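Residue-level listing of the chains:
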Amino acid sequence: MRYLLLMALATVLVCGGCSRVSSIVDGGTTDVDTDTDTDTDTDTDTDTDSDTDTDTDTDTDPVCTSPPNWTENTVDGTFDAARSVYAADVDGDGDLDVLGAASADNDITWWENTAGDGTAWNEHTVDGAFDGAISVYAADVDGDGDIDVLGAAYVADDITWWENTAGDGTTWTEHTVDGAFVYARSVYATDVDGDGDMDVLGAAQNAGPIAWWENTTGDGTAWTEHIVDGAFDGAISVCAADVDGDGDIDVLGAAYVDDDITWWENTAGDGTAWTEHIVDGTFDGATSVCAADVDGDGDMDVLVAAWQSGIDWWENTAGDGTAWVEHSVDGTFDGAYSVYATDVDGDGDMDVLGAAYSDGEITWWENLISDGTVWIEHIVDGTFDGARSVYAADIDGDGDMDVLGSASGVSWWESDCIP
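All figures in this text were calculated on a predicted structure; none of them were measured in a lab. (Residues numbered from 1 in each chain as written. Predicted model: local features only at pLDDT ≥ 70, side-chain atom pairs only at ≥ 80, totals over all residues. Heavy atoms only, no water.)

Quick look at the overall build of the protein chain
Then comes step 1: Across its full length, the protein chain holds 1 helix and 28 strands.
Then comes step 2: In the protein chain, buried positions account for 64% of the 419 residues.
Then comes step 3: Long-range contacts, defined as pairs at least 24 residues apart, comprise 50% of the intrachain contacts of the protein chain with a sequence gap of at least 6.
Then comes step 4: Within the structure as shown, the protein chain displays about 12800 Å² of accessible surface, and the carbon and sulfur contribution to it stands at 45%. (Helix = DSSP H or I, 4+ residues; strand = E, 2+ residues; numbered from the N terminus. Buried < 20%, exposed > 50% of the residue type's maximum accessible area, 1.4 Å probe, protein only. Contact = heavy atoms within 4.5 Å. Areas by Shrake-Rupley, 256 points an atom, 1.4 Å probe, with all protein chains shown as cover.)

In C-alpha cells, the structure reads:
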C-alpha cells in the first residue's frame, strides 16, 4: 500500500504546477547540508576536508532583539514543479546565488544574484533536459576552486554533475556519475573516503539503495560505485556528517516505505565498510533527513521531516551514535516535506526550519532554551501552497539568515533581524 501511496503522490506532485518531492516522494536533498556553522557569511564551502563544521562561533552574528519578520521576494514564479532549492556562490562574485530543480520543466537552473542583495535575478539554465529533475546540490567536484552543480533525476534515473567550465556559471559540461540509478531521488556531496576530494552520495527510491561514488581521479572524470545499503526500502533522502565523532564522514538516510531513519558508520574511515545503526525504525512516512548539533553539546544530532509525523529530532545521547532519544519539534506540521537547521535568530543555538506541502507553510521553530527541549513556532509564510523544500542562507548579504523555499516556484524571505 505504501508504494501505491508513493506513486499517487508522485503523480500529484509532478502534474499541475505542483513542485518538489524532496520530501514525501523526493526527500529533498535539501537540502540537507550538514554544515552547522552558525555564522552568516557567504562561505561556499569549497574545501573538501571532512570537517563537519560543528562550531557555533557567533562573534559576528546579529542577535535578533525579537523574532524576525519576513518579506517575501520571488526568485522565479514560473519554475514549474520546483522540487529542490539550494544556495551557493555559483559565479564566484562573493554573493549567494540560488539553484533549483524542477521536475515538470526537467530543469536544473541557477539564478544570478545580480545586485548582490536578492532584489534582481538573472536565470541561467544548467540543463533543460534533465528528465524528472528532483534534487540539486552544489560543491567543487573537480577541485578547481569554483562551484559545480549536482543533480538527481527520477525519470532519467541519473546522478549527474555539471562542470562550471568558465568558473562563472555561464558554461556547463555534463558528467554522468551514474546513468542507471533507478528512481534517483536525492543527491549530496562530501569527502566520504577522506582523500581530499569531493565524492557523491545518492538515494534511489524504487531500488532502495543508498550509494556513494568515489571520485577516483579527484577531478570528477571517473567514478566507482560503493553501496552503503542495498535494501533501504523507499530511500528518499541522504546526507552525511560525522555522527560518531571519530573524524570521518558517516552517512544518514530516510526511507519513506520502511519508515526508517538510519545512519551508517564509516567503519574503516574510507567508505569501504559500513555498519548500520537505526535511529528510529517507526517514524511514519520519513521524507527528509539532516544532521546538526541541536542541543549544543558538541556532537551531531539528527533531524527528520515525515509526511505523517511532522518534524522531530533525535538526541545523540552518548555522542557516538549508539543511543538516541526522540524529541518532537512539531507533530502537527501536516505533510512535512523538508527540514533544515541553522541559527535563524542569531542567538548562538540551532533552530529548525521546515516546509509542509499540505499546510502550505514555511516555518521555523525557535530553540528557546538552546537544548532542543522547548520550541516556539514562527511562521515565515503560511500561504506558500505546496511547499516542498526549505533552505537558509544570507541571500542579501546583510549578516543575518534569510530563508529559501520552493513550491510552484522559488522564493526567498528576507529577515529583518537587527542586533
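Observations concerning the packing of aromatic side chains
Then comes step 1: Here the structure, examined in full by the defined rule, presents 15 aromatic pairs.
Then comes step 2: When the ring of Phe130 is compared with that of Trp162, the centres are 4.9 Å apart and the planes differ by 80°; the resulting orientation is edge-to-face. On the criterion of sequence distance, the pair formed by Phe130 in the loop between strand S5 (121-127) and strand S6 (133-139) and Trp162 in strand S8 (residues 158-164) is long-range, its members being 32 residues apart. Note on accessibility: Phe130 and Trp162 belong to one class, buried. (Phe/Tyr/Trp six-rings, centres within 6.5 Å; stacked < 30°, edge-to-face > 60°.)

With respect to the side chain of Glu361
Then comes step 1: Relative to the assigned elements, Glu361 resides in strand S24 (residues 361-367).
Then comes step 2: Here Glu361 is buried and forms no salt bridge, its nearest opposite-charge partner Arg388 lying at an N-O distance of 15 Å.
Then comes step 3: In this structure the side chain of Glu361 is engaged in a polar contact, spanning 3.0 Å, whose partner is the side chain of Thr363.
Then comes step 4: Each residue touching Glu361, except ones within four places of it in the same chain, is listed here: Phe333, Gly354, Ala355, Ala356, Glu377, Ile379, Asp381, Gly382, Phe384 and Ala387. (Lys, Arg positive; Asp, Glu negative; His and termini not counted. Salt bridge = Lys/Arg side-chain N within 4 Å of Asp/Glu carboxyl O. Polar contact = N/O pair within 3.5 Å; in protein donor to acceptor, adjacent residues only side chain to side chain.)

A few points about unusual backbone geometry
Then comes step 1: Backbone geometry places Ala81, a non-glycine residue, at a positive phi of 65°.
Then comes step 2: Structurally, the position occupied by Ala81 is in the loop between strand S1 (70-76) and strand S2 (82-88).
Then comes step 3: The phi angle at Asn106 is positive, at roughly 55°, despite the residue not being glycine.
Then comes step 4: Considering the arrangement of structural elements, one finds Asn106 in the loop between strand S3 (97-102) and strand S4 (107-113).

Brief notes about the state of the cysteines
Then comes step 1: Applying the stated criterion across every chain, the model contains 1 disulfide.
Then comes step 2: Through a disulfide, Cys64 is tied to Cys417; the S-S separation comes to 1.9 Å. The chirality of the disulfide connecting Cys64 with Cys417 is left-handed, given an S-S dihedral of about -125°. Note that Cys64 is positioned in the loop between helix H1 (2-14) and S1 and Cys417 in the segment after strand S28 (410-415), a separation of 353 residues in sequence.
Then comes step 3: On the accessibility criterion, Cys64 (13% relative accessible area) is buried.
Then comes step 4: No disulfide involves Cys239; its nearest neighbouring cysteine sulfur is the one of Cys290, lying 6.4 Å away.
Then comes step 5: For Cys239, a relative accessible area of 0% gives the class buried. (Disulfide = S-S within 2.5 Å.)

Observations concerning the pairing of strand S10 (residues 184-190)
Two faces make up the sheet, and in a regular strand the side chains alternate between them.
Then comes step 1: By the criterion of burial, S10 is predominantly enclosed, with 7 of the 7 residues buried.
Then comes step 2: As defined by bridge partners, S10 adjoins strand S11 (residues 199-204) across 6 bridges and the pair is classed as antiparallel. The residue of S11 that forms the bridge with Ser186 is Ala203. (Pairing = 2+ DSSP bridges.)

A closer look at the pairing of strand S27 (residues 402-406)
Then comes step 1: For S27, a buried count of 5 out of 5 residues is recorded, marking the element as mostly surrounded by other parts of the structure.
Then comes step 2: Judged from the 5 bridges that link them, strand S26 (residues 389-393) and S27 form a sheet pairing that is antiparallel. The partner of Ser389 across the bridge, within S27, is Ser406.
Then comes step 3: Here 4 bridges tie S27 to S28, and the two strands are oriented antiparallel to one another. What sits directly across from Gly405, in S28, is Ser411.
Then comes step 4: Counting the residues that bridge the hairpin from S27 to S28 gives 3 residues.

Some details on the sheet that holds S4
Then comes step 1: Strands sit in the order S2-S3-S4-S5 across an open sheet of 4 strands; the sheet is antiparallel. The open sheet terminates on both sides in strands that have one partner only, identified here as S2 and S5. Ignoring which end each strand starts from, the neighbouring axes of this sheet average 25° apart. (Axes fitted to C-alpha atoms, helices over the stretch in contact; angles between N-to-C directions.)

Topic: the environment of Gly218
Then comes step 1: Take Gly218: it is sitting in the loop between strand S12 (210-215) and strand S13 (223-229).
Then comes step 2: For Gly218, a relative accessible area of 18% translates into the label buried.

Some points on the sheet that holds strand S25 (residues 375-381)
Then comes step 1: Strand order in this open sheet of 4 strands is S22-S23-S24-S25, and the pairing throughout is antiparallel. Each end of this open sheet is capped by a strand with a single partner; those strands are strand S22 (336-342) and S25. Averaged over neighbouring strand pairs, the angle between their axes works out to 25° when direction is ignored.
Then comes step 2: In this structure, S24 lies alongside S25, joined through 6 bridges in antiparallel fashion. Looking at the pairing, Asn367 lines up with Trp375 of S25.

What about the side chain of Asp343?
Then comes step 1: Turning to its location among the elements, Asp343 is positioned in the loop between S22 and strand S23 (351-356).
Then comes step 2: By relative accessible area, which is 2% here, Asp343 ends up buried.
Then comes step 3: Of the polar contacts made by the side chain of Asp343, one reaches the backbone nitrogen of Gly346; its length is 3.0 Å.
Then comes step 4: Among the polar contacts listed, one links the side chain of Asp343 to the backbone nitrogen of Asp347, at a separation of 3.3 Å.

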